[in-house]
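One letter stands for each residue in the lines below.
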Amino acid sequence: MSRRWTARLALAAGAAALLVLVVFAGLGSLVLMGVGWAGLALTAAGGWWMLTHTGWIRVLAVLLVVVAPLGVLVLYAAAGLLWVVLVSLGLWALAVSAGRAALVEDTAPSMPECSVSRAARPFLIMNPHSGGGKVERFHLAERARALGAEVVVLDPDRRQDVAELARRAVQDGADLLGVAGGDGTQALVARVAAEHDIPFMVISAGTRNHFAMDLGLDRQDPSRCLEALTDGVELRVDLGYLHAGEPADRSAGRAFINNASFGVYAEIVQSPAYRDDKARTILEMLPDLLTRRSGARLSVRAGSVTMDGTQAVLVSNNPYESGDPAGLGRRERLDSGELGVLGVAVGNAAEATELLMRGGQGRGLTEVTAREVVVDADAPVIPVGVDGEALMLPTPVHCRLASGALRVRVPRHRPGVPHGAPPMDWRRVRRLALTMGRVAAGRGAA
């Protein structure tokens, strides 16, 4: 189906959703919509109170989160209009889905790639614990050695400095560095590759593999990443750096391939109890962190934008797609030369409700891009999550991007980046549905 007809489907489904309400509920359709919005607002407020209180207030908040939507459904059923609401919601979901699909460009931007010769002495580091044992399950070490690579499988019983292993390999003549492991390990070796301007190879053997996803690699079968050793192309991508303290020492610092997080999440993962009981630790720490009774008070400067009192800040190596409902899921490009910055500052139930009801858009969320970001606090040292690794760094923390600093070797044939649909824009959908046919007809006549 063409984008024009998909846009028309969106408009038709949206109109049908409203028509069903008006025809079968009459003036009561306004009451139905009001009751639904009220239920959503109460649910959002209850969720905020559940996260920011303990004891009997939390218990009441949980009850509100459960009772509010159930109460709305009971009222609809008592009025004999539950089926009307469900049909209308189904049509509206179809309209939004079709509208977002219609707004997806026919050709998504891609990062430039160049053909390269095969590496003579590739050196790969593999973590046998990453991803639940993917290295052993997919026989990655054996396959890589068969392709001529030198492979070091980390010893799970002792801590090893992967950056030092990579540096020694370069000194011994390695002309490509690669990692089968999590994003944190990837970042440490990526920095060494960038320092020596040699290719870096990603093998998607981690748990989430965010960097591998954004490179378009196969995350289901990490053995396919090894094709980069024999039939590879090269991408130039950006590399993020953290420099702690004042002034920033640009010759040092920690590299990151995905993001650095500050505030609530970083505070929680620093807790010794987090690894043993994540859910309980989160519920115990959130009330004080969200209400600012504990934790450092952050101040962020991202280019010309300043954010004070934010509860959570995420600085990413290139911005994440704003239309991704999962949040922070993917980046279409890794070579834009800009950091992505997300700041969350929610002070009460009303602001939390606004953020939810406006689909993640509201006063509590700030989303910008910048070449450099400075995160300061009212504490000399703050927790920072860097590509999933928990660190403690002195303030202020400077984040910058080294444009095109990393040469990444990837297979010539790979699944590609899963492009997400953009945010819904009814004006664009209407314009698309009504004008594309005319434009096409005009071109045909010409």
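See the structure shown above.
A brief report on the enclosed structure follows.

Rules used in this analysis
- Residues numbered from 1 in each chain as written.
- Predicted model: local features only at pLDDT ≥ 70, side-chain atom pairs only at ≥ 80, totals over all residues.
- Heavy atoms only, no water.
- Pairing = 2+ DSSP bridges.
- Helix = DSSP H or I, 4+ residues; strand = E, 2+ residues; numbered from the N terminus.
- Axes fitted to C-alpha atoms, helices over the stretch in contact; angles between N-to-C directions.
- Salt bridge = Lys/Arg side-chain N within 4 Å of Asp/Glu carboxyl O.
- Buried < 20%, exposed > 50% of the residue type's maximum accessible area, 1.4 Å probe, protein only.
- Parallel < 35°, antiparallel > 145°, perpendicular 65-115°, else oblique.
- Contact = heavy atoms within 4.5 Å.
- Nonpolar A, V, L, I, M, F, W, Y, C, P; charged D, E, K, R; others polar.
- Patch = residues over 30% accessible without salt bridge, like charges linked within 9 Å, V, L, I, M, F, W, Y side chains within 5 Å.
- Areas by Shrake-Rupley, 256 points an atom, 1.4 Å probe, with all protein chains shown as cover.
- Left-handed = near helix turned anticlockwise from the far one by under 90°.
- Core = buried A, V, L, I, M, F, W, Y, C linked by side-chain atoms within 4.5 Å.
- Phe/Tyr/Trp six-rings, centres within 6.5 Å; stacked < 30°, edge-to-face > 60°.

## Side note on the sheet that holds strand β8 (residues 259–263)
On the basis of which strands lie adjacent, the open sheet formed by six strands has the order β13-β12-β11-β8-β15-β16 and antiparallel pairing. In this open sheet, the two strands that pair with only one neighbour each are β13 (365–370) and β16 (389–394). When the angles between neighbouring strand axes are averaged without regard to direction, this sheet yields 20°. Where strand β12 (residues 339–344) and β13 come together, six bridges link them in antiparallel fashion. In the strand pairing of β13, Val341 is matched with Val368.

## Concerning the pattern of salt bridges
Counted according to the given criterion, the structure contains 13 salt bridges. Between Glu234 and Arg407 there is a salt bridge, with its nearest N and O atoms 2.7 Å apart. One end of the pair, Glu234, is in strand β6 (residues 232–244); the other, Arg407, is in strand β17 (residues 397–411), with 173 residues separating them in the sequence. The exposure classification of Glu234 matches that of Arg407, with both residues buried. The residue Glu234 makes a salt bridge to Arg409 at a minimum N-O spacing of 3.4 Å. Taken as a pair, Glu234 in strand β6 and Arg409 in strand β17 lie far apart in primary sequence, 175 residues in all. Given the relative accessible area of 6%, Arg409 is considered buried.

## Describing the packing of helix α1 (residues 3–25) against helix α2 (residues 28–52)
Axis angle and axis distance: for two packed helices, these are the angle between their axes and the distance between the axes, and together they describe the pair. Two numbers describe how α1 lies on α2: the axes approach to 7 Å, and their chain directions differ by 120°. Between α1 and α2, the crossing angle belongs to the class labelled oblique. On α2, the residues that touch Leu21, Val22 and Ala25 of α1 are Gly28, Ser29, Leu32 and Met33. Within the contact of α1 with α2, the residues separate by chemical class into five nonpolar, two polar and no charged.

## What to know about unusual backbone geometry
A negative phi angle is the norm for most residues apart from glycine, just as the trans form is the norm for most peptide bonds. The amide bond that connects Thr395 to the next residue, Pro396, takes the cis arrangement and shows omega of -5°. By the secondary structure assignment, Pro396 is in the loop between β16 and β17. Phi is positive for Asp197, which is not a glycine, with a value near 50°. Tracing the backbone through its elements, the reader meets Asp197 in the loop between α8 (183–196) and β5 (200–203). If you check the backbone angles, Asp387 has positive phi at about 50° while not being a glycine. Looking at where Asp387 falls in the secondary structure, it is placed in the loop between β15 (381–386) and β16.

## A look at a nonpolar patch on the surface
Taken together, Trp56, Val59, Leu60, Val62, Leu63, Val66, Val67, Leu70 and Leu73 make up a surface patch of nonpolar side chains, about 860 Å² in accessible area. Taking the relative accessible area as the measure of exposure, Leu63 reaches 47% and is therefore partly exposed.

## Some points on the packing of α2 against helix α3 (residues 55–78)
Two elements in contact, α2 and α3, have axes separated by 7 Å at closest approach and are oriented at 165°. Our classification of the angle between α2 and α3 gives roughly antiparallel. The two elements α2 and α3 meet at a crossing, and its hand is left-handed. On α3, the residues touching Leu32, Val35, Gly36, Gly39, Leu42, Thr43, Gly46, Gly47, Trp49, Met50 and Leu51 of α2 are Arg58, Ala61, Val62, Leu64, Val65, Ala68, Pro69, Val72, Leu75 and Tyr76. Residues of the contact of α2 with α3, tallied by class, amount to 15 nonpolar, five polar and one charged.

## Details of the nonpolar core
Counting 57 residues, the largest nonpolar core has Leu124, Met126, Leu177 and Leu406 as its most contacted members. Residue contacts for Leu406: discarding those within four places in its chain leaves Ala190, Ala193, Ala194, Phe200, Phe211, Leu235, Arg236, Val237 and Leu239. Judged by nonpolar contacts, the second largest core, of 26 residues, contains Leu242, Val315, Val375 and Ile382.

## Some remarks on the packing of aromatic side chains
One pair of aromatic rings is described through two measures. These are the centre distance and the angle between the planes. Summed over all chains, the structure comprises two aromatic pairs. Note on Phe24 and Trp83: the rings are 5.0 Å apart at their centroids and 70° apart in plane angle, and the pair reads as edge-to-face. Highlighted residues: Phe24 in helix α1 and Trp83 in helix α4 (residues 82–103), separated in sequence by 59 residues. Accessibility expressed as a relative area gives 47% for Phe24, which makes it partly exposed.

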